[in-house]
Amino acid sequence: MAFLNSNKPIIAGINGPCCGLFFFLLPFFDLIFASSEACFSTTGVQIKSLDVTRLRSPLPPYLGTFLTSRMLHLGQAISAKEAHDNFLVSRLFASNEELEENVSRCMSELVALPAETFRLTKKAIRHGYFKSPHADAVEIAQMLTFSMQ
């Protein structure tokens, strides 16, 4: 989980199912791109307990109460379009090929930025959302149990 404290860009390109622990790690990415073939689910993860005094929610706060309840209580997956409409996905692409091209281009653009500028911008963005990205990730990992199905 060392990547959580990285000053480098962390980008996800999702072209299929994003389930379980991988889904819960998405809030720690800087940019999340998906093809229309992607879907998002909490499948395979059971929440043992949730200490609300330490962590607001295992899902990003912008997903909202109803979508979070639907995913956690009912175990329902959401489509790439729903994820994009609810701000989980930064950008949605029609095909896997289009996704791959745009992720590569975005990575090139980010690498061209001055490192210090990116680091300061990333810090400013993260400051309002997490007490400590590493601490929250550890808390999330401790809450989750994989059910091998």
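So, how was this worked out
- Residues numbered from 1 in each chain as written.
- Predicted model: local features only at pLDDT ≥ 70, side-chain atom pairs only at ≥ 80, totals over all residues.
- Heavy atoms only, no water.
- Pairing = 2+ DSSP bridges.
- Helix = DSSP H or I, 4+ residues; strand = E, 2+ residues; numbered from the N terminus.
- Buried < 20%, exposed > 50% of the residue type's maximum accessible area, 1.4 Å probe, protein only.
- pLDDT = per-residue confidence, 0-100.
- Contact = heavy atoms within 4.5 Å.
- Axes fitted to C-alpha atoms, helices over the stretch in contact; angles between N-to-C directions.
- Salt bridge = Lys/Arg side-chain N within 4 Å of Asp/Glu carboxyl O.
- Patch = residues over 30% accessible without salt bridge, like charges linked within 9 Å, V, L, I, M, F, W, Y side chains within 5 Å.
- Areas by Shrake-Rupley, 256 points an atom, 1.4 Å probe, with all protein chains shown as cover.
- Lys, Arg positive; Asp, Glu negative; His and termini not counted.
- Charge placed at Lys NZ, Arg CZ, Asp CG, Glu CD.
- Expected span 1.5 Å × (residues − 1).
- Arc of directions from axis to C-beta.

Moving on, we come to the sheet that holds strand β4 (residues 39–41). Backbone-to-backbone hydrogen bonds pair the strands of a sheet. The strands run either parallel or antiparallel. In spatial order, the strands read β2-β4-β6; together these three strands make up an open sheet with mixed pairing. In this open sheet, the two strands that pair with only one neighbour each are β2 (17–19) and β6 (78–79). The pairing of β2 with β4 spans three bridges and is parallel. Note on β4: the bridge partner recorded for C19 is S41.

Taken across its five residues, strand β3 (residues 31–35) has four buried, putting it largely inside the fold. Across three bridges, the pairing between β3 and strand β7 (residues 91–93) is parallel. Bridge assignment links S35 to a residue of β7, and that residue is F93.

With that settled, consider the confidence of the model for the protein chain. Looking at the protein chain as a whole, its pLDDT mean stands at 77, while 69% of the residues score no less than 70. Overall, residues 51–57 carries pLDDT values under 50, and its contacts beyond four positions in sequence, including any with other chains, amount to eleven contacts. Counted against residues more than four places away or in other chains, residues 129–135, with its pLDDT under 50, gives 13 contacts.

Tracing the chain through its elements places E100 in helix α4 (residues 96–112). A C-alpha to C-alpha distance of 9.3 Å links E100 and F33, two positions 67 residues apart in sequence.

The next point concerns the sheet that holds β7. Strand order in the open sheet formed by three strands is β1-β3-β7, and the pairing between neighbours is parallel. Lying at the two open borders of the sheet, with one neighbouring strand each, are β1 (11–14) and β7. Ignoring which end each strand starts from, the neighbouring axes of this sheet average 15 degrees apart. Direction of pairing for β1 relative to β3: parallel, over a ladder of four bridges. Bridge pairing links A12 to I32 in β3.

Now for the pattern of salt bridges. Applying the stated rule across the entire model yields five salt bridges. Its salt-bridge partner being D85, residue K81 comes within 2.7 Å of it at the nearest N-O pair. Residue K81 and its partner D85 are both found in helix α3 (residues 80–85); the two are separated by four residues, about one turn of the helix. Exposure remark for K81: the relative accessible area of 51% places this residue in the exposed category. D85 gets classed as partly exposed once you look at its relative accessible area, which sits at 41%.

Right, let's talk about a negative patch on the surface for a bit. A cluster of acidic residues, E37, E97, E98, E100 and E101, forms a negative patch at the surface. Within the element layout of this structure, E101 appears in helix α4.

Attention now goes to α4. Helical geometry note: an α-helix holds 3.6 residues per turn, so side chains three or four residues apart project in the same direction. Under the 1.5 Å per step criterion, the end-to-end length of α4 is 25 Å for 17 residues, consistent within 8% with the ideal 24 Å. Burial in α4 covers these residues: L99, N102, V103, C106 and L110. Buried positions in α4, seen along its axis, are confined to an arc of 105 degrees and lie on one side of it. In α4, the exposed positions angled more than 90 degrees off the buried face are occupied by E97, E100, E101, S108, V111 and A112.

Further remarks concern unusual backbone geometry. A positive phi angle is found at F87, which is not glycine, with a value near 70 degrees. Mapping F87 onto the fold places it in the loop between α3 and β7.

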